[in-house]
Amino acid sequence: MREPGFTSGQPGRPRQFDEAETLSSIMQLFWENGYEATGLSDIIKATGLSKASLYAAYGNKQSMYLKALGHYEALKVDAAVQALRDQSRPAMDRISAFLQAPIAAIDTNADRRGCFLCNASADRASLDSETADLVRRGYSKIRRALEQAIAERGNTGDPDFAKRNAELVLTVYSGLRVMARSSTGLSDLIRAKEACLQVLR
């Protein structure tokens, strides 16, 4: 859907821009650079929109950040949840693929941005309650999907096995994503992933 905006340097003159596409550009900036290192000038340059147009469509920088994080949830978090719930594949395969994602991002695409949700947890959640709410919501979705996948493996005799180990997998995943932003080697990330899977096996 294309929505009206205004061209920079031509106040009041309408132009067309795709709000979802523009929001994706804003998301990429915050995802890669974090909140503090992303300036309004960076957003203007990346989107080609004026300050007035950006504020009219998305609000101030804080509002843009929250909308970008919500956009990431809809694009990335919900896709991960759907994959974890896909019962056409064995549960352990789905969990393994979930943990492999941070490793594949580096190995295949040289992508060390990590996970925007995880980055937001470290970057802004302790400073801003609205960010914290979005982070909790995203993690909660993933945690429930992991718990369901682990529970599919059958009753282990431990009623808390699925819940406890869903938390373990989510914590390891978050750690892998954060470590991906550093110079941590692939072999170290792979060992952490395999150690986590061994607990489930």
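Above this note sits the structure.
Attention here is on the structure that accompanies the text. Numbering of residues starts from 1 in every chain and runs along the sequence as written. Whole-chain, interface and lining totals are the exception, using all residues; otherwise, since this is a predicted model, local features are given only for residues with pLDDT of at least 70 and side-chain atom pairs are given and counted only at 80 or more. Excluding hydrogens and water, the side-chain figures rest on all heavy atoms present in the structure.

### Points about helix 1 (residues 19–33)
Stage number 1. Compared with an ideal rise of 1.5 Å per residue, which puts 15 residues at 21 Å, helix 1 spans 21 Å between its outermost C-alpha atoms and is within 8% of the ideal.
Stage number 2. Backbone nitrogen of A20 and a side-chain oxygen of the N-cap are separated by 3.0 Å at the start of helix 1; the cap is D18.
Stage number 3. We count a stretch as a helix when DSSP gives it H or I for four or more residues in a row; a strand needs E for two or more, and each element gets its number in order from the N terminus. G34, located one to two residues past helix 1, shows a positive phi value of around 85°. How far a helix is expected to stretch is found by multiplying one less than its residue total by 1.5 Å. As used in this structure description, the phrase polar contact means that two N or O atoms lie within 3.5 Å; if the pair is within protein, one of them must be able to donate a hydrogen and the other to accept it, and residues adjacent in sequence are counted only when both atoms belong to side chains.

### As for helix 8 (residues 161–180)
Stage number 1. With 20 residues, helix 8 should reach 28 Å at 1.5 Å per residue; the first-to-last C-alpha distance of 28 Å fits that figure.
Stage number 2. The classification of residues rests on relative accessible area computed with a 1.4 Å probe and restricted to protein chains. Under 20% of the type maximum is buried, over 50% is exposed, and intermediate values are partly exposed. Listing the buried residues of helix 8 in full gives F161, A162, N165, A166, V169, L170, V172, Y173, S174, L176, R177 and A180.
Stage number 3. Contacts: residue pairs with any heavy atoms within 4.5 Å of one another. The inward-facing, buried residues of helix 8 contact helix 5 (91–109), helix 6 (116–123), helix 7 (129–151) and helix 9 (186–200).

### What about the nonpolar core?
Stage number 1. Definition of nonpolar core: a set of buried residues of the types Ala, Val, Leu, Ile, Met, Phe, Trp, Tyr and Cys, connected through side-chain atoms within 4.5 Å. Core analysis: the largest hydrophobic core is formed by 56 residues, its most contacted members being F30, I95, L99, F116, I142, L146 and V169.
Stage number 2. Residue assignment for this core shows that the elements contributing at least two residues are helix 1, helix 3 (51–58), helix 4 (61–84), helix 5, helix 6, helix 7, helix 8 and helix 9.

### What to know about the packing of aromatic side chains
Stage number 1. Two aromatic rings, drawn from Phe, Tyr or Trp (for Trp, its six-membered ring), form a pair once their centres lie within 6.5 Å of each other, and the interplanar angle then sorts them: stacked below 30 degrees, edge-to-face above 60, tilted otherwise. Applying the stated criterion across every chain yields a total of 7 aromatic pairs.
Stage number 2. With 5.0 Å between their ring centres and 75° between their planes, W31 and Y72 make a pair best called edge-to-face. Within this pair, whereas W31 is found in helix 1, its partner Y72 is found in helix 4, the two being separated by 41 residues in sequence.
Stage number 3. Of the residues examined, W31 reaches a relative accessible area of 6% and is grouped as buried.
Stage number 4. Using a relative accessible area of 5% as the deciding quantity, one classes Y72 as buried.

By themselves, these observations are geometric and do not establish any function.
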